[in-house]
Amino acid sequence: MIDGKRLVRRWVSAAFLATLAIVAGAADAQVAGRQYRIGVLNDAWAANHPAVEGLKAGLRDLGFQEGRDVVFDVRFTKGNPRAMPTEAEALVKAGVDVLFTSNEPATRAAKAATRKIPVVFTLVGDPVTAGVVAKLAHPGGNVTGVSSLTTDLMAKRLEVLKTLFPGVKRVWFIHDSTDPTGAVAMQKGIDAAQRLRIGFVPIGVTNAEGVKSALDLVKPGDALLAPDQDGFDISVGILEKSLASSVPAVFPSSLWIEHGGLASYGPDYYAQGVQAAQLVAKVLRGTPPEDLPVQAADKIDLTLNLKTAGLLGLAMPRKVLLRADRIRQ
Amino acid sequence: MKRRTFLAESESAVPHRRGTTAVTHRTALRVRFALPALVAAFIAAAMASSVEAQAPIRIGASLSTTGNYAALGQNQLRGYQLCFKHANEKGGVLGRKLELVFEDDQSQEPVAVRIYEKLITQDKVSGILGPYSSQLTEVAADVSEKYRMPMVTPNASVPSIFKKGRKYVFMVTSPAEVYLEGLIDIAAKRGLKTVAVLSEDTLFPKSTAQGTVELAKKRGLQVVLAESYPKGTTDFRPLLRKVAAANPDVVAAATYFDDAVAITRALKELDVNPKMFGVTVGGDLPKFHEVLGRDADFVYGGSQWLPELVTLRAGGLIPIARQYPGAAEFVEAHRKEFPGADLSYHSAAGYGACQIYLEAIKRAGSMDGAKIRDAILKIDSPSAYGGFKVDEGGFQTAHKMVTFQWQEAKKVIVWPEELAADKPLFPTPPWNKR
């Protein structure tokens, strides 16, 4: 059923040599005598976004001690993608050595704010479609990072949903209409839904009110697919709707499952941060971002919440349980 | 013992109001027209029945509004009062409004026992809620057991109360043993090796100290000193000289408010400089920082609940308010109804315990003690105070603690990590470098 790992292998082979070089260099990544400033930009509501925590842990493992070798200037926009350009410009003005971004609006804003300061991104579902790099193997410019494979995983997430909820007739895909990756993901969702004989209802929204209106249309018997980009608190709305109205929902990352989501299929936010730390370390040691191929998230997890399945009245098929990487009781 | 009543929809919510009388719907029936005797009798009987159905359900509680527990007892009382208010605004339970009847136990066990006996046998209340503190709950639980009247207890965290085979007392808080779990976890993760555990020599602090010693040992920390002191101790210098001699990385103190303040002052006076210092009850009160000023900074505390949880997001992304249903409404109402009054976890515990009790009454469909008990045992859902599920003995198994640290006069949640928007300021700098 689920074979996203094959996707990952394809990606990994494209970037294999470059990744090896980074890992080999990791042991002596820390350059003595210089304290680097890392500018962080995302749309979280607090400084502890899991990708940032992963970055810090990854850098620590590579010998960069916070406070001694690196300091972090963390900017978060509380779910407001429109605040990104201002914050990105402020970080550039502050003279950071590298910008670490999570999600597409943050990455596009960082790219627009500087052509000189390296940008390392995470949580970007399709970096080429999003316009943040020209090519994955040769990103060019000052931007590289870790792709979360959103568009490639759409079909697999629908398969997970259909397996957990065989009677599903209609799946709602609510996404930020200004997000170019969302449009590609939507088309891939439409194609996959046709193959699986499921109704697929994409709705593009431009603000929080739009999210609420869209969710009001969702009825018992429907299901929800959360987007990778979480502008306007779309995923939070989907989680609340799922639990309040007993509507099964599949999310892009396991964090949501820890807080009541039914299932997720995709790379962990924290793990993407850890992975991106290797790129940040390489950049700090002097490698130009244009020479660092974009990496695919190196681990795709299927995570299930059995308690939520029980609340939704869903029986968890044995074959899904056997394939799950993490199960929350 | 002054008796007070509180019927929220008809009175201002002031805890100290005395002699207020609950407004019932026992309005005198006035028949203005002459009617045949038979018809009049029929109407009178029907109205009497209707009036009876509308009489409020009276719930009794002993609460400390004077004495040692006065400050926190009144916090708990405000939680009860808001819960009754909100329930009455939604129509009450079993089709009837609710009336809270409470009396001041002066923070004394014998008085609390007398109050519950009186509430049940003379005032004929239909149900009861718990008093403040483990100490008073321990004795009040014998009364609830005697009359088979379920008692949900907001702020009793000593597990032994719920391990004596009692069937009618139910715990809402996390147990005393885990109050300092966050402190120990943070210490272990940062490689600290030694801990000194201090505690007042009474029921709750001793349980906390015992639990902290066990947690420390499990995490590989060496307990270099474990000592208790008599209630009412004001001079902690002799004890802290022993602490200084043991030179622990962590000082964990199971306290109430006065000793938490006094120990912090003595640490400074003797220039004792552990890398982490944590207290329990009292450390979470705004007054702790008001009294100590900057000396309160860097001090850790365990808390059952904080108002910040209403707006907090796990990992900076996912709101956790769903785990505290009704908490936002409670916090907003508290600020409106009791402007300037302390809002602590003790207040939220009162509100949450009352929510649980009323939910059980609804599920039981009556005020029958056995039926309410069965309903409580089946509840597995959170209140405004957090997770709730109890075992057969009424021991709490679902509620979770948080750990905060005072940072520049603010309580910052630093544990568990998924809820921690900020890192602990670690290590605590020596007194001469603050």
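Residues numbered from 1 in each chain as written. Chains lettered and ligands numbered in written order. Predicted model: local features only at pLDDT ≥ 70, side-chain atom pairs only at ≥ 80, totals over all residues. Heavy atoms only, no water.

### Points about the overall build of chain A
Okay, step 1: Of the regular secondary structure elements, chain A holds 12 helices and 13 strands.
Okay, step 2: Counting over 329 residues, chain A shows a buried share of 58%.
Okay, step 3: In the structure as shown, chain A presents an accessible area of about 12900 Å², 54% of it carried by carbon and sulfur atoms. (Helix = DSSP H or I, 4+ residues; strand = E, 2+ residues; numbered from the N terminus. Buried < 20%, exposed > 50% of the residue type's maximum accessible area, 1.4 Å probe, protein only. Areas by Shrake-Rupley, 256 points an atom, 1.4 Å probe, with all protein chains shown as cover.)

### A look at the environment of Leu82(B)
All names here are of chain B.
Okay, step 1: Here Leu 82 shows up in helix H2 (residues 70-89).
Okay, step 2: For the pair Leu 82 and Ala 375, spaced 293 residues apart in the sequence, the C-alpha separation amounts to 23 Å.
Okay, step 3: Excluding residues that lie within four positions of it along the chain, Leu 82 makes contacts with Phe 330, Ala 333, His 334, Glu 337, Phe 338 and Tyr 351. (Contact = heavy atoms within 4.5 Å.)

### Brief notes about the packing of helix H2 (residues 50-61) of chain A against helix H10 (residues 269-284) of chain A
How two helices sit against one another is set out by the angle between their axes and by the gap between those axes.
Residue and element names in this part refer to chain A.
Okay, step 1: Contact geometry of H2 with H10 gives a least axis separation of 6 Å together with a crossing angle of 45°. By the angle between their axes, H2 is oblique relative to H10. As for the relative orientation of H2 and H10, their crossing is right-handed in sense. For the pair formed by H2 and H10, the contact residues are Pro 50, Ala 51, Glu 53, Gly 54, Leu 55, Ala 57, Gly 58 and Leu 59 on the first element and Tyr 269, Tyr 270, Gly 273, Val 274, Ala 277, Val 280 and Ala 281 on the second. (Axes fitted to C-alpha atoms, helices over the stretch in contact; angles between N-to-C directions. Parallel < 35°, antiparallel > 145°, perpendicular 65-115°, else oblique. Left-handed = near helix turned anticlockwise from the far one by under 90°.)

### Observations regarding the domain arrangement of chain A
Residues and elements named next belong to chain A.
Okay, step 1: Here the domain parsing of chain A yields domain 1 (34-148 + 269-300) and domain 2 (150-266 + 301-328).
Okay, step 2: For domain 1 and domain 2, the distance between their C-alpha centroids amounts to 27 Å.
Okay, step 3: The interface formed by domain 1 and domain 2 contains 2 salt bridges.
Okay, step 4: Ionic pairing is found between Asp 325 and Lys 299, a salt bridge with its closest N-O pair at 4.0 Å.
Okay, step 5: Remark: the boundary between domain 1 and domain 2 carries 10 residue pairs in polar contact (both at pLDDT 80 or more).
Okay, step 6: Looking at the side of domain 1 that touches domain 2, the elements with two or more residues in it are helix H4 (104-113) and strand S4 (119-124).
Okay, step 7: For the side of domain 1 that touches domain 2, the residue count by class is 9 nonpolar, 5 polar and 6 charged. (Domains from an automatic or database assignment. Salt bridge = Lys/Arg side-chain N within 4 Å of Asp/Glu carboxyl O. Polar contact = N/O pair within 3.5 Å; in protein donor to acceptor, adjacent residues only side chain to side chain. Nonpolar A, V, L, I, M, F, W, Y, C, P; charged D, E, K, R; others polar.)

### Some details on the interface of chain A and chain B
Okay, step 1: In this assembly, 18 residues from chain A lie in contact with 16 residues from chain B.
Okay, step 2: Both faces considered, chain A and chain B share a buried interface measuring about 1400 Å² in area, 57% of it formed by carbon and sulfur atoms.
Okay, step 3: When the area that chain A buries against chain B is broken down by residue, the three leading residues are Trp45(A), Asn48(A) and His259(A), summing to 39%.
Okay, step 4: Our count for the contact surface shared by chain A and chain B stands at 2 salt bridges.
Okay, step 5: A salt bridge links Arg313(B) to Asp233(A); its shortest N-O distance comes to 2.6 Å.
Okay, step 6: There are 4 residue pairs in polar contact (both at pLDDT 80 or more) connecting chain A and chain B. (Buried area = accessible area lost by both parts, 1.4 Å probe.)

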